[in-house]
Protein chains: 2
Amino acid sequence: MASMTPARTSPPTDVPQLGLRERKKIKTRTAIRDATYALIEEQGYDATTIEQIADRAEVSPSTVFRYFPTKEDIVLTDEHDALILEELKARPKDEPWTESVRHIMHKAVRLGHDREPEITRIRAHLMVQVPTVRARMMESMSVASHMLAEGIAERTGRDVDSLEVRVYTMSVVAGLAEISRYWAENDFQDDLADLLDRALDVLANGLTTKNS
Amino acid sequence: MASMTPARTSPPTDVPQLGLRERKKIKTRTAIRDATYALIEEQGYDATTIEQIADRAEVSPSTVFRYFPTKEDIVLTDEHDALILEELKARPKDEPWTESVRHIMHKAVRLGHDREPEITRIRAHLMVQVPTVRARMMESMSVASHMLAEGIAERTGRDVDSLEVRVYTMSVVAGLAEISRYWAENDFQDDLADLLDRALDVLANGLTTKNS
DNA sequence: CCTATTTTGACAGCTACTCTCATTTCATGG
DNA sequence: CCATGAAATGAGAGTAGCTGTCAAAATAGG
(Lines give C-alpha, C1' and ligand atoms only; values in the text may rest on other atoms or scores of the structure.)
Protein backbone atom coordinates (compact mmCIF):
# COMPACT_ATOMS: atom_id res chain seq x y z
CA MET A 1 0.00 0.00 0.00
CA ALA A 2 1.19 3.46 -0.89
CA SER A 3 0.91 5.21 2.34
CA MET A 4 0.23 8.88 1.93
CA THR A 5 1.38 9.81 5.36
CA PRO A 6 5.01 9.05 5.80
CA ALA A 7 4.83 10.69 9.20
CA ARG A 8 4.52 7.30 10.78
CA THR A 9 7.63 7.94 12.78
CA SER A 10 6.24 11.02 14.54
CA PRO A 11 2.66 10.34 15.66
CA PRO A 12 0.39 13.36 16.18
CA THR A 13 0.82 14.82 19.60
CA ASP A 14 -2.78 15.97 20.10
CA VAL A 15 -4.60 12.63 20.14
CA PRO A 16 -1.90 10.25 21.15
CA GLN A 17 -1.04 8.78 24.52
CA LEU A 18 -4.13 6.65 24.18
CA GLY A 19 -3.45 3.27 22.71
CA LEU A 20 -6.11 1.27 20.97
CA ARG A 21 -6.83 -0.47 24.23
CA GLU A 22 -7.67 2.68 26.14
CA ARG A 23 -9.82 3.99 23.34
CA LYS A 24 -11.78 0.77 23.22
CA LYS A 25 -12.30 0.88 26.92
CA ILE A 26 -13.77 4.35 26.74
CA LYS A 27 -15.95 3.27 23.85
CA THR A 28 -17.25 0.27 25.74
CA ARG A 29 -17.92 2.35 28.81
CA THR A 30 -20.02 4.88 26.95
CA ALA A 31 -21.71 2.14 24.94
CA ILE A 32 -22.90 0.53 28.14
CA ARG A 33 -24.08 3.80 29.58
CA ASP A 34 -25.88 4.83 26.41
CA ALA A 35 -27.55 1.45 26.11
CA THR A 36 -28.68 1.69 29.71
CA TYR A 37 -30.19 5.13 29.37
CA ALA A 38 -31.94 4.16 26.16
CA LEU A 39 -33.44 1.03 27.67
CA ILE A 40 -34.52 2.88 30.77
CA GLU A 41 -36.35 5.43 28.71
CA GLU A 42 -38.09 2.64 26.84
CA GLN A 43 -38.99 0.32 29.69
CA GLY A 44 -38.13 1.91 32.97
CA TYR A 45 -35.34 1.10 35.37
CA ASP A 46 -36.50 -2.07 37.03
CA ALA A 47 -37.64 -3.71 33.82
CA THR A 48 -34.19 -3.22 32.36
CA THR A 49 -31.90 -6.13 33.08
CA ILE A 50 -28.16 -6.35 32.84
CA GLU A 51 -28.56 -8.92 30.10
CA GLN A 52 -30.53 -6.50 27.96
CA ILE A 53 -27.97 -3.81 28.54
CA ALA A 54 -25.19 -6.18 27.58
CA ASP A 55 -27.02 -7.22 24.42
CA ARG A 56 -27.60 -3.70 23.24
CA ALA A 57 -24.09 -2.59 24.07
CA GLU A 58 -22.83 -5.69 22.28
CA VAL A 59 -20.78 -6.95 25.16
CA SER A 60 -21.17 -9.81 27.57
CA PRO A 61 -22.86 -9.40 30.96
CA SER A 62 -19.51 -10.14 32.54
CA THR A 63 -18.08 -7.09 30.86
CA VAL A 64 -20.86 -4.89 32.16
CA PHE A 65 -20.03 -5.85 35.70
CA ARG A 66 -16.37 -5.37 34.99
CA TYR A 67 -17.01 -1.76 34.09
CA PHE A 68 -19.63 -0.93 36.70
CA PRO A 69 -19.88 -2.58 40.10
CA THR A 70 -23.65 -2.18 40.34
CA LYS A 71 -26.55 -1.37 38.10
CA GLU A 72 -27.04 1.92 39.87
CA ASP A 73 -23.50 2.94 39.11
CA ILE A 74 -24.13 2.71 35.39
CA VAL A 75 -26.64 5.49 35.77
CA LEU A 76 -24.94 7.60 38.39
CA THR A 77 -21.23 7.36 37.94
CA ASP A 78 -19.60 10.28 36.28
CA GLU A 79 -16.51 12.37 36.52
CA HIS A 80 -18.15 15.52 37.79
CA ASP A 81 -17.28 14.98 41.42
CA ALA A 82 -13.57 15.03 40.78
CA LEU A 83 -13.90 18.16 38.68
CA ILE A 84 -15.92 19.88 41.35
CA LEU A 85 -13.31 19.11 43.96
CA GLU A 86 -10.68 20.68 41.74
CA GLU A 87 -12.80 23.77 41.41
CA LEU A 88 -13.22 24.03 45.13
CA LYS A 89 -9.50 23.79 45.72
CA ALA A 90 -8.94 26.44 43.09
CA ARG A 91 -11.06 29.02 44.90
CA PRO A 92 -9.20 31.67 46.87
CA LYS A 93 -8.55 30.53 50.39
CA ASP A 94 -9.91 33.65 52.00
CA GLU A 95 -13.24 33.46 50.21
CA PRO A 96 -16.13 32.66 52.56
CA TRP A 97 -16.90 28.99 51.98
CA THR A 98 -20.54 29.74 51.29
CA GLU A 99 -19.43 31.73 48.29
CA SER A 100 -17.11 28.98 47.18
CA VAL A 101 -19.89 26.46 47.36
CA ARG A 102 -22.21 28.78 45.49
CA HIS A 103 -19.69 29.19 42.72
CA ILE A 104 -18.83 25.57 42.21
CA MET A 105 -22.42 24.40 42.48
CA HIS A 106 -23.52 26.92 39.91
CA LYS A 107 -20.76 25.73 37.68
CA ALA A 108 -21.87 22.14 38.19
CA VAL A 109 -25.44 23.02 37.33
CA ARG A 110 -24.35 24.83 34.19
CA LEU A 111 -22.14 21.93 33.20
CA GLY A 112 -24.95 19.45 33.56
CA HIS A 113 -27.37 21.66 31.70
CA ASP A 114 -25.05 22.33 28.80
CA ARG A 115 -23.38 19.04 28.21
CA GLU A 116 -26.08 16.49 28.88
CA PRO A 117 -29.40 18.05 29.83
CA GLU A 118 -31.36 14.91 29.14
CA ILE A 119 -29.19 12.78 31.36
CA THR A 120 -29.44 15.27 34.18
CA ARG A 121 -33.19 15.05 33.99
CA ILE A 122 -33.39 11.27 33.79
CA ARG A 123 -31.07 11.03 36.72
CA ALA A 124 -33.14 13.32 38.88
CA HIS A 125 -36.20 11.39 37.81
CA LEU A 126 -34.68 8.08 38.77
CA MET A 127 -33.67 9.55 42.06
CA VAL A 128 -37.31 10.22 42.81
CA GLN A 129 -38.71 6.97 41.51
CA VAL A 130 -36.18 4.27 42.27
CA PRO A 131 -35.23 3.82 45.91
CA THR A 132 -32.02 1.95 45.21
CA VAL A 133 -30.81 4.71 42.92
CA ARG A 134 -31.68 7.30 45.50
CA ALA A 135 -29.80 5.30 48.08
CA ARG A 136 -26.75 5.03 45.89
CA MET A 137 -26.98 8.74 45.26
CA MET A 138 -26.99 9.49 48.95
CA GLU A 139 -23.97 7.28 49.33
CA SER A 140 -22.06 9.36 46.85
CA MET A 141 -23.31 12.43 48.68
CA SER A 142 -21.55 11.12 51.69
CA VAL A 143 -18.34 11.04 49.74
CA ALA A 144 -18.95 14.53 48.43
CA SER A 145 -19.53 15.61 51.98
CA HIS A 146 -16.08 14.48 52.97
CA MET A 147 -14.53 16.40 50.10
CA LEU A 148 -16.38 19.51 51.09
CA ALA A 149 -15.30 18.99 54.67
CA GLU A 150 -11.67 19.56 53.79
CA GLY A 151 -12.44 22.92 52.31
CA ILE A 152 -14.66 23.99 55.16
CA ALA A 153 -12.26 22.80 57.81
CA GLU A 154 -9.49 24.85 56.28
CA ARG A 155 -11.55 27.98 56.09
CA THR A 156 -13.02 27.73 59.59
CA GLY A 157 -9.89 26.60 61.35
CA ARG A 158 -11.36 23.39 62.61
CA ASP A 159 -10.40 19.76 62.41
CA VAL A 160 -11.71 17.90 59.37
CA ASP A 161 -12.80 15.01 61.53
CA SER A 162 -14.48 17.07 64.20
CA LEU A 163 -18.11 16.41 64.84
CA GLU A 164 -18.97 19.98 64.03
CA VAL A 165 -17.46 19.96 60.57
CA ARG A 166 -18.90 16.58 59.74
CA VAL A 167 -22.39 17.45 60.85
CA TYR A 168 -22.29 20.73 59.06
CA THR A 169 -20.97 19.47 55.74
CA MET A 170 -23.32 16.52 55.74
CA SER A 171 -26.25 18.81 56.36
CA VAL A 172 -25.17 21.10 53.54
CA VAL A 173 -24.70 18.31 51.02
CA ALA A 174 -27.98 16.65 51.96
CA GLY A 175 -29.77 19.96 51.69
CA LEU A 176 -28.34 20.53 48.24
CA ALA A 177 -29.30 17.04 47.16
CA GLU A 178 -32.87 17.80 48.04
CA ILE A 179 -32.86 20.33 45.24
CA SER A 180 -32.74 17.70 42.54
CA ARG A 181 -35.56 15.86 44.12
CA TYR A 182 -37.70 18.94 44.42
CA TRP A 183 -36.89 19.82 40.84
CA ALA A 184 -37.87 16.41 39.52
CA GLU A 185 -41.01 16.16 41.63
CA ASN A 186 -42.19 19.49 40.24
CA ASP A 187 -41.64 18.27 36.69
CA PHE A 188 -38.50 20.28 36.07
CA GLN A 189 -40.47 23.48 35.86
CA ASP A 190 -38.15 25.56 38.00
CA ASP A 191 -34.77 26.81 37.02
CA LEU A 192 -32.13 24.75 38.75
CA ALA A 193 -29.88 27.75 39.32
CA ASP A 194 -32.68 29.59 41.09
CA LEU A 195 -33.43 26.64 43.31
CA LEU A 196 -29.77 26.43 44.11
CA ASP A 197 -29.65 30.04 45.26
CA ARG A 198 -32.71 29.65 47.41
CA ALA A 199 -31.33 26.49 48.99
CA LEU A 200 -27.97 28.03 49.70
CA ASP A 201 -29.70 30.96 51.29
CA VAL A 202 -31.62 28.67 53.62
CA LEU A 203 -28.50 26.71 54.46
CA ALA A 204 -26.55 29.85 55.24
CA ASN A 205 -29.18 31.81 57.14
CA GLY A 206 -31.59 29.21 58.39
CA LEU A 207 -35.33 29.39 58.12
CA THR A 208 -36.45 32.86 59.04
CA THR A 209 -39.74 32.61 60.84
CA LYS A 210 -42.24 34.55 58.87
CA ASN A 211 -44.09 36.19 61.73
CA SER A 212 -41.86 36.63 64.75
CA MET B 1 -41.83 -17.74 79.67
CA ALA B 2 -44.70 -15.60 80.90
CA SER B 3 -43.34 -14.35 84.14
CA MET B 4 -46.16 -11.91 84.45
CA THR B 5 -49.61 -12.87 85.65
CA PRO B 6 -50.65 -16.40 86.52
CA ALA B 7 -54.29 -15.39 86.09
CA ARG B 8 -55.18 -18.09 83.61
CA THR B 9 -58.94 -17.97 84.14
CA SER B 10 -59.42 -14.22 83.99
CA PRO B 11 -57.07 -12.76 81.47
CA PRO B 12 -55.53 -9.48 82.62
CA THR B 13 -57.24 -6.45 81.25
CA ASP B 14 -54.04 -4.57 80.58
CA VAL B 15 -52.62 -7.00 78.03
CA PRO B 16 -55.81 -8.21 76.43
CA GLN B 17 -57.37 -7.27 73.11
CA LEU B 18 -54.64 -9.33 71.55
CA GLY B 19 -55.82 -12.70 70.34
CA LEU B 20 -53.50 -15.63 70.03
CA ARG B 21 -52.86 -14.69 66.46
CA GLU B 22 -51.54 -11.24 67.25
CA ARG B 23 -49.41 -12.51 70.08
CA LYS B 24 -47.82 -15.11 67.85
CA LYS B 25 -47.09 -12.51 65.24
CA ILE B 26 -45.26 -10.36 67.73
CA LYS B 27 -43.37 -13.38 68.96
CA THR B 28 -42.32 -14.33 65.45
CA ARG B 29 -41.27 -10.81 64.70
CA THR B 30 -39.01 -10.56 67.71
CA ALA B 31 -37.72 -14.07 67.16
CA ILE B 32 -36.57 -13.12 63.69
CA ARG B 33 -34.98 -9.93 64.90
CA ASP B 34 -33.23 -11.60 67.81
CA ALA B 35 -31.95 -14.39 65.60
CA THR B 36 -30.64 -11.84 63.15
CA TYR B 37 -28.78 -9.80 65.72
CA ALA B 38 -27.30 -12.94 67.28
CA LEU B 39 -26.09 -14.24 63.94
CA ILE B 40 -24.66 -10.89 62.97
CA GLU B 41 -22.65 -10.74 66.15
CA GLU B 42 -21.33 -14.20 65.45
CA GLN B 43 -20.56 -13.97 61.76
CA GLY B 44 -21.08 -10.44 60.56
CA TYR B 45 -23.82 -9.03 58.41
CA ASP B 46 -22.94 -10.25 54.95
CA ALA B 47 -22.13 -13.76 56.05
CA THR B 48 -25.56 -14.05 57.61
CA THR B 49 -28.12 -15.38 55.16
CA ILE B 50 -31.87 -15.29 55.32
CA GLU B 51 -31.88 -19.05 55.47
CA GLN B 52 -29.76 -19.06 58.61
CA ILE B 53 -31.99 -16.45 60.17
CA ALA B 54 -35.05 -18.50 59.32
CA ASP B 55 -33.51 -21.64 60.77
CA ARG B 56 -32.59 -20.04 64.06
CA ALA B 57 -35.91 -18.26 64.38
CA GLU B 58 -37.59 -21.56 63.54
CA VAL B 59 -39.64 -20.24 60.70
CA SER B 60 -39.42 -20.62 56.96
CA PRO B 61 -37.54 -18.14 54.76
CA SER B 62 -40.88 -17.17 53.24
CA THR B 63 -42.05 -16.04 56.64
CA VAL B 64 -38.99 -13.90 57.15
CA PHE B 65 -39.73 -12.01 53.97
CA ARG B 66 -43.35 -11.76 54.97
CA TYR B 67 -42.38 -9.92 58.12
CA PHE B 68 -39.58 -7.79 56.69
CA PRO B 69 -39.36 -6.64 53.10
CA THR B 70 -35.57 -6.61 53.04
CA LYS B 71 -32.71 -7.93 55.08
CA GLU B 72 -31.77 -4.42 56.09
CA ASP B 73 -35.21 -3.84 57.50
CA ILE B 74 -34.78 -6.67 59.98
CA VAL B 75 -31.97 -4.71 61.53
CA LEU B 76 -33.32 -1.21 61.21
CA THR B 77 -37.06 -1.28 61.52
CA ASP B 78 -38.42 -0.23 64.82
CA GLU B 79 -41.30 1.67 66.24
CA HIS B 80 -39.31 4.64 67.46
CA ASP B 81 -40.10 6.86 64.51
CA ALA B 82 -43.80 6.78 65.16
CA LEU B 83 -43.24 7.49 68.83
CA ILE B 84 -40.99 10.41 68.04
CA LEU B 85 -43.56 11.91 65.75
CA GLU B 86 -46.11 11.71 68.55
CA GLU B 87 -43.72 13.48 70.85
CA LEU B 88 -43.14 16.21 68.34
CA LYS B 89 -46.83 16.81 67.92
CA ALA B 90 -47.22 16.90 71.68
CA ARG B 91 -44.79 19.77 72.09
CA PRO B 92 -46.31 23.22 72.62
CA LYS B 93 -46.94 24.92 69.32
CA ASP B 94 -45.23 28.14 70.29
CA GLU B 95 -42.00 26.44 71.31
CA PRO B 96 -39.12 27.22 68.95
CA TRP B 97 -38.74 24.16 66.78
CA THR B 98 -35.07 23.85 67.64
CA GLU B 99 -36.09 23.28 71.22
CA SER B 100 -38.72 20.78 70.18
CA VAL B 101 -36.18 18.85 68.19
CA ARG B 102 -33.73 18.96 71.04
CA HIS B 103 -36.30 17.57 73.41
CA ILE B 104 -37.51 14.73 71.27
CA MET B 105 -34.06 13.74 70.13
CA HIS B 106 -32.81 13.64 73.67
CA LYS B 107 -35.76 11.50 74.56
CA ALA B 108 -34.99 9.20 71.65
CA VAL B 109 -31.38 8.88 72.73
CA ARG B 110 -32.41 8.08 76.27
CA LEU B 111 -34.92 5.53 75.04
CA GLY B 112 -32.36 3.74 72.93
CA HIS B 113 -29.81 3.79 75.71
CA ASP B 114 -32.16 2.47 78.36
CA ARG B 115 -34.16 -0.13 76.55
CA GLU B 116 -31.69 -1.72 74.17
CA PRO B 117 -28.20 -0.28 74.46
CA GLU B 118 -26.60 -3.19 72.67
CA ILE B 119 -28.88 -2.92 69.69
CA THR B 120 -28.27 0.80 69.41
CA ARG B 121 -24.57 0.14 69.21
CA ILE B 122 -24.76 -2.70 66.74
CA ARG B 123 -26.95 -0.60 64.55
CA ALA B 124 -24.57 2.33 64.52
CA HIS B 125 -21.79 -0.09 63.82
CA LEU B 126 -23.59 -1.63 60.88
CA MET B 127 -24.32 1.82 59.58
CA VAL B 128 -20.61 2.45 59.37
CA GLN B 129 -19.60 -0.90 57.97
CA VAL B 130 -22.35 -2.04 55.65
CA PRO B 131 -23.18 0.30 52.79
CA THR B 132 -26.59 -1.21 52.12
CA VAL B 133 -27.60 -0.72 55.72
CA ARG B 134 -26.38 2.83 55.64
CA ALA B 135 -28.35 3.39 52.47
CA ARG B 136 -31.49 1.98 53.99
CA MET B 137 -30.92 4.16 57.02
CA MET B 138 -30.69 7.26 54.88
CA GLU B 139 -33.88 6.27 53.20
CA SER B 140 -35.68 6.18 56.51
CA MET B 141 -34.08 9.52 57.27
CA SER B 142 -35.86 10.86 54.28
CA VAL B 143 -39.13 9.74 55.78
CA ALA B 144 -38.23 11.24 59.11
CA SER B 145 -37.41 14.43 57.31
CA HIS B 146 -40.90 14.66 55.95
CA MET B 147 -42.38 14.16 59.39
CA LEU B 148 -40.22 16.88 60.79
CA ALA B 149 -41.20 19.11 57.91
CA GLU B 150 -44.78 19.24 59.10
CA GLY B 151 -43.75 20.52 62.47
CA ILE B 152 -41.33 23.06 61.09
CA ALA B 153 -43.72 24.28 58.45
CA GLU B 154 -46.34 24.93 61.09
CA ARG B 155 -43.99 26.83 63.34
CA THR B 156 -42.42 28.95 60.62
CA GLY B 157 -45.58 29.67 58.69
CA ARG B 158 -44.35 28.14 55.49
CA ASP B 159 -45.67 25.53 53.12
CA VAL B 160 -44.66 21.97 53.93
CA ASP B 161 -43.77 21.35 50.32
CA SER B 162 -41.81 24.51 49.79
CA LEU B 163 -38.22 24.13 48.74
CA GLU B 164 -37.05 26.02 51.78
CA VAL B 165 -38.71 23.72 54.29
CA ARG B 166 -37.63 20.62 52.46
CA VAL B 167 -34.03 21.67 52.15
CA TYR B 168 -33.89 22.74 55.73
CA THR B 169 -35.46 19.66 57.25
CA MET B 170 -33.40 17.35 55.11
CA SER B 171 -30.25 19.11 56.16
CA VAL B 172 -31.20 18.86 59.81
CA VAL B 173 -32.04 15.19 59.67
CA ALA B 174 -28.92 14.34 57.71
CA GLY B 175 -26.83 16.32 60.15
CA LEU B 176 -28.33 14.45 63.06
CA ALA B 177 -27.76 11.13 61.35
CA GLU B 178 -24.09 11.93 61.11
CA ILE B 179 -23.97 11.77 64.89
CA SER B 180 -24.45 8.02 64.97
CA ARG B 181 -21.75 7.56 62.45
CA TYR B 182 -19.32 9.74 64.31
CA TRP B 183 -20.16 7.95 67.51
CA ALA B 184 -19.56 4.50 66.04
CA GLU B 185 -16.38 5.51 64.23
CA ASN B 186 -14.95 6.78 67.50
CA ASP B 187 -15.73 3.47 69.21
CA PHE B 188 -18.69 4.80 71.17
CA GLN B 189 -16.43 6.72 73.49
CA ASP B 190 -18.46 9.90 73.50
CA ASP B 191 -21.74 10.44 75.22
CA LEU B 192 -24.49 10.44 72.64
CA ALA B 193 -26.42 13.17 74.43
CA ASP B 194 -23.40 15.47 74.33
CA LEU B 195 -22.84 14.85 70.66
CA LEU B 196 -26.48 15.61 70.09
CA ASP B 197 -26.21 18.98 71.80
CA ARG B 198 -23.12 19.91 69.85
CA ALA B 199 -24.73 18.90 66.59
CA LEU B 200 -27.90 20.81 67.30
CA ASP B 201 -25.83 23.84 68.13
CA VAL B 202 -24.06 23.66 64.80
CA LEU B 203 -27.31 23.16 62.95
CA ALA B 204 -28.93 26.12 64.68
CA ASN B 205 -26.05 28.59 64.59
CA GLY B 206 -23.87 27.39 61.77
CA LEU B 207 -20.13 26.97 61.93
CA THR B 208 -18.68 29.96 63.67
CA THR B 209 -15.35 30.72 62.09
CA LYS B 210 -12.76 30.50 64.79
CA ASN B 211 -10.77 33.57 63.87
CA SER B 212 -13.00 36.18 62.26
C1' DC C 1 -67.23 -29.65 66.18
C1' DC C 2 -67.45 -27.37 61.85
C1' DT C 3 -66.54 -23.64 58.81
C1' DA C 4 -64.24 -19.41 57.17
C1' DT C 5 -60.17 -16.76 57.37
C1' DT C 6 -55.52 -16.03 58.29
C1' DT C 7 -50.87 -17.59 58.52
C1' DT C 8 -47.42 -20.51 57.16
C1' DG C 9 -44.26 -23.56 54.42
C1' DA C 10 -42.61 -25.62 50.27
C1' DC C 11 -41.38 -24.69 45.81
C1' DA C 12 -40.29 -22.52 41.50
C1' DG C 13 -38.38 -18.56 39.36
C1' DC C 14 -36.03 -14.12 38.44
C1' DT C 15 -32.09 -11.16 38.71
C1' DA C 16 -28.15 -8.82 40.56
C1' DC C 17 -23.66 -10.05 41.47
C1' DT C 18 -19.16 -13.11 42.05
C1' DC C 19 -15.62 -16.22 40.56
C1' DT C 20 -13.06 -19.07 37.55
C1' DC C 21 -10.96 -20.32 33.32
C1' DA C 22 -10.26 -20.57 28.48
C1' DT C 23 -10.10 -17.57 24.39
C1' DT C 24 -9.30 -13.52 22.04
C1' DT C 25 -7.16 -8.99 21.42
C1' DC C 26 -3.65 -5.68 21.86
C1' DA C 27 1.30 -4.20 22.97
C1' DT C 28 6.16 -4.86 22.28
C1' DG C 29 10.86 -6.33 21.32
C1' DG C 30 13.43 -8.85 18.19
C1' DC D 1 6.54 -9.36 10.44
C1' DC D 2 6.30 -12.37 13.90
C1' DA D 3 6.61 -14.31 18.57
C1' DT D 4 5.90 -13.62 23.26
C1' DG D 5 3.64 -11.59 27.27
C1' DA D 6 -0.11 -8.99 29.15
C1' DA D 7 -4.66 -7.41 29.25
C1' DA D 8 -9.56 -7.64 28.06
C1' DT D 9 -13.35 -10.47 27.02
C1' DG D 10 -16.78 -14.26 27.04
C1' DA D 11 -18.84 -18.34 28.79
C1' DG D 12 -20.41 -20.80 32.51
C1' DA D 13 -21.46 -22.13 37.12
C1' DG D 14 -22.81 -20.63 41.55
C1' DT D 15 -24.74 -17.63 45.52
C1' DA D 16 -28.21 -14.98 47.66
C1' DG D 17 -31.89 -11.68 47.95
C1' DC D 18 -36.47 -11.29 46.72
C1' DT D 19 -41.27 -12.41 44.44
C1' DG D 20 -45.09 -15.13 43.49
C1' DT D 21 -48.15 -19.19 43.81
C1' DC D 22 -50.57 -22.82 46.04
C1' DA D 23 -51.68 -26.21 49.33
C1' DA D 24 -51.49 -27.35 54.28
C1' DA D 25 -51.86 -25.89 59.01
C1' DA D 26 -53.40 -22.83 62.75
C1' DT D 27 -56.84 -19.84 64.62
C1' DA D 28 -61.38 -17.34 65.23
C1' DG D 29 -66.26 -17.61 65.59
C1' DG D 30 -70.51 -19.89 65.82
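Scroll up to find the structure this text is about.
Let me sum up the structure you'll find in this document.

With respect to the overall build of chain A
Across its full length, chain A holds ten helices and zero strands. Listing every helix and strand of chain A by position from the N terminus yields α-α-α-α-α-α-α-α-α-α. Taking 212 residues into account, the globule formula puts the C-alpha radius of gyration at 17 Å, and chain A, at 21 Å, lies well above it. Counting only C-alpha atoms, chain A reaches 85 × 45 × 30 Å along its principal axes. In chain A, once contacts between residues fewer than 6 apart in sequence are set aside, the share between residues at least 24 apart is 65%. When the accessible surface of chain A is split by element, carbon and sulfur atoms take 52% of a total near 12200 Å². Each charge class in chain A was averaged separately, 28 positive and 36 negative side chains, and the resulting centres sit 5 Å apart.

Some points on the packing of helix H6 (residues 97-115) of chain A against helix H10 (residues 192-205) of chain A
Residue and element names in this part refer to chain A. In the contact formed by H6 and H10, the axes pass within 10 Å of each other and the chain directions differ by 160 degrees. Between H6 and H10, the interaxial angle falls into the category roughly antiparallel. The two elements H6 and H10 cross, and the hand of that crossing is right-handed. Between H6 and H10, the residues in contact are Thr98, Val101, Arg102, Met105, His106 and Val109 and Leu192, Ala193, Leu196, Asp197, Leu200, Asp201 and Ala204, respectively.

Points about the protein's contact with DNA strand D
Around DNA strand D sit 20 residues, and of these Lys25(A), Thr63(A), Leu20(B), Arg21(B) and Lys71(B) come closest. Looking at DNA strand D alone, sugar and phosphate atoms form 59% of those within 4 Å of the protein. Note that a phosphate oxygen of DNA strand D is positioned 2.7 Å from one of the backbone N or O atoms of Leu20(B). At the level of elements, helix H1 (20-43) and helix H3 (61-67) of chain A together with helix H1 (20-43) of chain B are the ones that each hand at least two residues to the surface near DNA strand D. With four residues, H3(A) is the single largest residue contributor to the surface near DNA strand D. Its residues assigned to classes, the surface near DNA strand D shows six nonpolar, eight polar and six charged.

Parameters and conventions
Residues numbered from 1 in each chain as written. Chains lettered and ligands numbered in written order. Predicted model: local features only at pLDDT ≥ 70, side-chain atom pairs only at ≥ 80, totals over all residues. Heavy atoms only, no water. Helix = DSSP H or I, 4+ residues; strand = E, 2+ residues; numbered from the N terminus. Rg over C-alpha atoms; globule rule 2.2 N^0.38 Å. Contact = heavy atoms within 4.5 Å. Areas by Shrake-Rupley, 256 points an atom, 1.4 Å probe, with all protein chains shown as cover. Lys, Arg positive; Asp, Glu negative; His and termini not counted. Charge placed at Lys NZ, Arg CZ, Asp CG, Glu CD. Axes fitted to C-alpha atoms, helices over the stretch in contact; angles between N-to-C directions. Parallel < 35°, antiparallel > 145°, perpendicular 65-115°, else oblique. Left-handed = near helix turned anticlockwise from the far one by under 90°. Near = heavy atom within 4 Å. Polar contact = N/O pair within 3.5 Å; in protein donor to acceptor, adjacent residues only side chain to side chain. Nonpolar A, V, L, I, M, F, W, Y, C, P; charged D, E, K, R; others polar.

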